[in-house]
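Okay, here's what each chain looks like letter by letter:
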Amino acid sequence: MNMDSVMVQYHALGLSYYLRKSDRLAVTKLVTKLTATGLKSPYAVCMLIRITCRLMEDEEAGADSPHFDFIQSCLRHKNEMVIYEAAHAIVNMKRITSRELAPAISVLQLFCSSPKPTLRFAAVRTLNNVAITHPAAVTACNMDLENLITESNRSIATLAITTLLKTGSESSVDRLMKQIASFMSEISDEFKIVVVQAVRSLCHKFPRKHSVMMNFLSSMLRDEGGFEYKRAIVDTVISIIEDNPDAKEAGLAHLCEFIEDCEHTSLAVKIQHLLGREGPKTQHPSKYIRFIYNRVILEDAPVRAAAVSSLGKFGAHATEMLPNILVLLRRCLLDSDDEVRDRATYYIKILEQNSKALSSQYILNSLQVSIVGLEKSLHQYTLEPSSIPFDMKSVPVTIQPITAEEQRPLGQVGGAGTEQVSYSKPKEKTITDDFREKLEAIEEFKQFGPLFKASDPVQLTESETEYVVECVKNIYEEYLILQYRCTNTLDDQILEDVTVHVENSDDYDVVTQVACPVLKLNDPHYAYTCVKLKEDPLAVTGVFNNTLKFRVKDCDQTTGEADDEGYNDEYVLEDVELTVADHIQKVNKANFGAAWEEVGPENELVNTYSLSSMKSLEDAVKNIIQFMGMEPCDMSDRIPVGKKSHTLLLAGRYRGGHDVLVQAKLALGGEGVTMNLSVRSSDPYLSEVITSAVG
């Protein structure tokens, strides 16, 4: 790295980093040394900036880090490539404030007026990305961006306008939209997608401009373009429909027009499902039937099947249209595709019963269980023949996917289009699946039946302590299994016969404990404590005091051999709290109104509460969802801008398979938020459990 050749120095740095990449301390020493001595090669400096950024990210360092001072000093480098790399690195840092962004923004602003097209393009593209997270910081560049609108390079002009759309005022929207519409046909699909994304963010920022945006998007839908471009437009229109009720009918009309001449099957199917969900809720649902049935006549099998499903939802929701819907569905019985015929038969049989409960359960609200879990439960049922009918309530609602931590390329931090080098931070695999696998391997627990719900891991110690313990609460129909993942971080000790002793003041009975035989250095293993849940249906919460108990044996740090003698010791852990949310699985009701009527008012309870600690509707909605552990329905977790009142709709399934629905009517006042809570459930005690927990 001391040679004068710029390429030799660049490759030498790459090799030095590669040899040290698994050792963060060695990488830190390398960065510290090179930032102090300096490098002659601009290519090597760019790589050093990327390595430094990755190191800061792994250390969760901010602007007070000496590494940040080095990157900031590169803004004054004599080479433009290094200056841009430093600016790009700063604006992409996660823990950065507008004040710390200012020098990088100033550099990018100067590049916007550079005579070199590559620099102008790089600067405006970076500013376009920064405008998403820090629009106020980019506002200072608006004058320079205005000058780029007339740029002969349409890619630069497009990025300039879309950046202005993100940072400009509501009054400038119409003018900018007209300007960009004038040359949309001259740019590639890649930049058209950038425009669509800018329009999407603009609709969230200025919801009153939805009509201008919808007209612009509909004209883009009619133009020629590839699948990714069309999908971006459709996703944007759907997003606007979901966020802005005033835009629903206009958006559905544009999408109906689009599917009349849509060559992409997946988009046509997606729009059909949207029409089936949102169309029946409009003032004049019958006007959408023609567009849906046209698909049955004109399209291929997947689209025809989706159209049949949409017709079924219209028939279930709008009873006045039911006779006409049945006529159309009976025509579908003659279709050449078996999927279309099967769906038509299914919907006809249910709709002919003219039962709101059946329609809600089997049409408007889809199957509320995990398909993977259903398959496993049915397979297990066939292996163990029983006279007891198969119970759908025994099937878990969700199965968490098995995921693993992926290495992130360093190039994603520093920029695109150059060599990607990676710093593999030693990270553990995602442990959720590991918890589940270890639990299923314990024979003593198989008698408890299927697992209803597993919580997220809760830290019971600090990560820097000598013993690190995490806990997952596993809920069964009648039992709670506390699963502790224990790690020994001391290299001179081995722990044996490790258990977690549980005490509580709520009179929960501890049924059994499963000890961890041995804990060696950084080799996590599991201990279990099984608790019997109370028979009282109203007693569902509690606090468990945990103490880690074990036998300590000193060991040789070199060989790892333990002494024969040992001594008993214990370590106090944080408490584990059992809450109402632990007993409830999230269930999405596609049609909450139908589900609310299906459950009925028999077990309904209504109470009013004052949430004085909540200073906004957003805070109230977030905390209520977290406290109850239910799924928000009908997009009720999104609050329209400027609203002083809101209704939050929640759905869940309680331990034992009982449905529970909540309507929380919120009003913002001078003393916080007032909540009128209505709870309906299929169990007479469950409504009381929810209301008393809130109180």
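Residues numbered from 1 in each chain as written. Predicted model: local features only at pLDDT ≥ 70, side-chain atom pairs only at ≥ 80, totals over all residues. Heavy atoms only, no water.

Let's talk about the overall build of the protein chain
Next, step 1: When helices and strands are counted, the protein chain shows 27 helices and 17 strands.
Next, step 2: Counting every position in the protein chain, which comprises 695 residues, the buried fraction comes to 50%.
Next, step 3: Restricting to contacts in the protein chain with at least 6 residues of sequence separation, those with at least 24 account for 63%.
Next, step 4: Summed over its atoms, the accessible surface of the protein chain is roughly 34100 Å², and 50% of this surface lies on carbon and sulfur atoms.
Next, step 5: Positive and negative charge centroids in the protein chain, built from 72 and 97 side chains respectively, lie 8 Å apart. (Helix = DSSP H or I, 4+ residues; strand = E, 2+ residues; numbered from the N terminus. Buried < 20%, exposed > 50% of the residue type's maximum accessible area, 1.4 Å probe, protein only. Contact = heavy atoms within 4.5 Å. Areas by Shrake-Rupley, 256 points an atom, 1.4 Å probe, with all protein chains shown as cover. Lys, Arg positive; Asp, Glu negative; His and termini not counted. Charge placed at Lys NZ, Arg CZ, Asp CG, Glu CD.)

What about the environment of W596?
Next, step 1: With respect to the secondary-structure elements, W596 resides in helix α25 (residues 592–599).
Next, step 2: W596 gets classed as buried once you look at its relative accessible area, which sits at 7%.
Next, step 3: Those residues in contact with W596 that lie beyond four places of it in its chain are E604, L661, V662, Q663, S678, V679 and R680.

Brief notes about the packing of helix α16 (residues 265–278) against helix α18 (residues 301–317)
Next, step 1: Contact pair α16 / α18: the axes reach a minimum separation of 8 Å and the direction vectors enclose 5 degrees. Judged by the inter-axis angle, α16 sits roughly parallel to α18. Across from T265, A268, V269, Q272, H273, L275 and G276 in α16, the residues of α18 making contact are P302, V303, A306, A307, S310, K313 and F314.
Next, step 2: By residue class, the composition of the contact of α16 with α18 is 8 nonpolar, 5 polar and 1 charged. (Axes fitted to C-alpha atoms, helices over the stretch in contact; angles between N-to-C directions. Parallel < 35°, antiparallel > 145°, perpendicular 65-115°, else oblique. Nonpolar A, V, L, I, M, F, W, Y, C, P; charged D, E, K, R; others polar.)

So, the packing of aromatic side chains
Next, step 1: Counted according to the given criterion, the structure contains 13 aromatic pairs.
Next, step 2: With a centroid separation of 5.3 Å and an interplanar angle of 50 degrees, the aromatic rings of Y508 and F544 are classed as tilted. Here the residue Y508 occupies a position in the loop between β5 (493–504) and β6 (509–514), and F544 occupies one in strand β9 (residues 542–554), the gap between them amounting to 36 residues. When sorted by exposure, Y508 lands in the same class as F544, which is buried.
Next, step 3: When the ring centre of F291 is taken as origin, the NZ or CZ atom of R290, which lies over that ring, is 4.2 Å away.
Next, step 4: The ring of Y508 carries K534 above its face, with NZ or CZ at 4.8 Å from the centroid. (Phe/Tyr/Trp six-rings, centres within 6.5 Å; stacked < 30°, edge-to-face > 60°. Lys NZ or Arg CZ within 6 Å of the ring centre and 35° of its normal.)

Considering helix α26 (residues 617–628)
Next, step 1: Compared with an ideal rise of 1.5 Å per residue, which puts 12 residues at 16 Å, α26 spans 16 Å between its outermost C-alpha atoms and is within 8% of the ideal.
Next, step 2: Within α26, the full set of buried residues consists of L617, A620, V621, I624, I625 and M628. Here the buried residues of α26 occupy an arc of 125 degrees about the axis, which is enough to place them on one side. Of the exposed residues in α26, the ones pointing more than 90 degrees away from its buried face are K622 and Q626. (Expected span 1.5 Å × (residues − 1). Arc of directions from axis to C-beta.)

Some remarks on a negative patch on the surface
Next, step 1: A contiguous patch of negative charge, built from D491, D492, D554, D556, E561, D563, D564 and E565, is present on the exposed surface.
Next, step 2: Tracing the backbone through its elements, the reader meets E561 in the loop between β9 and β10 (567–572).
Next, step 3: Owing to a relative accessible area of 56%, E561 belongs among the exposed residues under this scheme. (Patch = residues over 30% accessible without salt bridge, like charges linked within 9 Å, V, L, I, M, F, W, Y side chains within 5 Å. Salt bridge = Lys/Arg side-chain N within 4 Å of Asp/Glu carboxyl O.)

Section: helix α13 (residues 210–222)
The α-helix winds at 3.6 residues per turn, so residues separated by three or four positions along the chain end up facing the same way.
Next, step 1: Spanning 13 residues, α13 covers 18 Å between terminal C-alpha atoms, matching the ideal 18 Å at 1.5 Å per step.
Next, step 2: Taken together, the buried positions of α13 are occupied by H210, M213, M214, F216, L217, S218, M220 and L221.
Next, step 3: Those residues of α13 that are buried are in contact with α11 (173–181), α12 (189–205), α14 (227–243) and α15 (248–259).

Thoughts on the pairing of strand β8 (residues 525–532)
Next, step 1: Most of β8 sits inside the fold, with 6 of its 8 residues counted as buried.
Next, step 2: In this sheet, β8 lies alongside strand β4 (residues 479–488) in antiparallel orientation, the contact comprising 8 bridges. Residue pairing in the sheet places Y484 in a bridge with A527 of β8.
Next, step 3: Judged from the 5 bridges that link them, β6 and β8 form a sheet pairing that is antiparallel. Pairing of V510 across the sheet is with V531, part of β8. (Pairing = 2+ DSSP bridges.)

Section: the nonpolar core
Next, step 1: Among the nonpolar cores identified, the biggest contains 136 residues, and L13, I49, I71, L145, L255 and L351 are the most heavily contacted of them.
Next, step 2: No other element matches helix α3 (residues 42–59), which puts 10 residues into this core.
Next, step 3: Filtering out sequence-adjacent residues up to four positions away, L145 remains in contact with V124, L127, V138, A160, T163 and L164. (Core = buried A, V, L, I, M, F, W, Y, C linked by side-chain atoms within 4.5 Å.)

Brief notes about unusual backbone geometry
Next, step 1: At N354, a residue that is not glycine, the phi angle is positive and equals roughly 55 degrees.
Next, step 2: In this fold, N354 is placed in the loop between α20 (338–351) and α21 (356–364).
Next, step 3: Positive phi, normally seen in glycine, also occurs at M635, with a value near 55 degrees.
Next, step 4: Assessed through its relative accessible area of 26%, M635 is described here as partly exposed.

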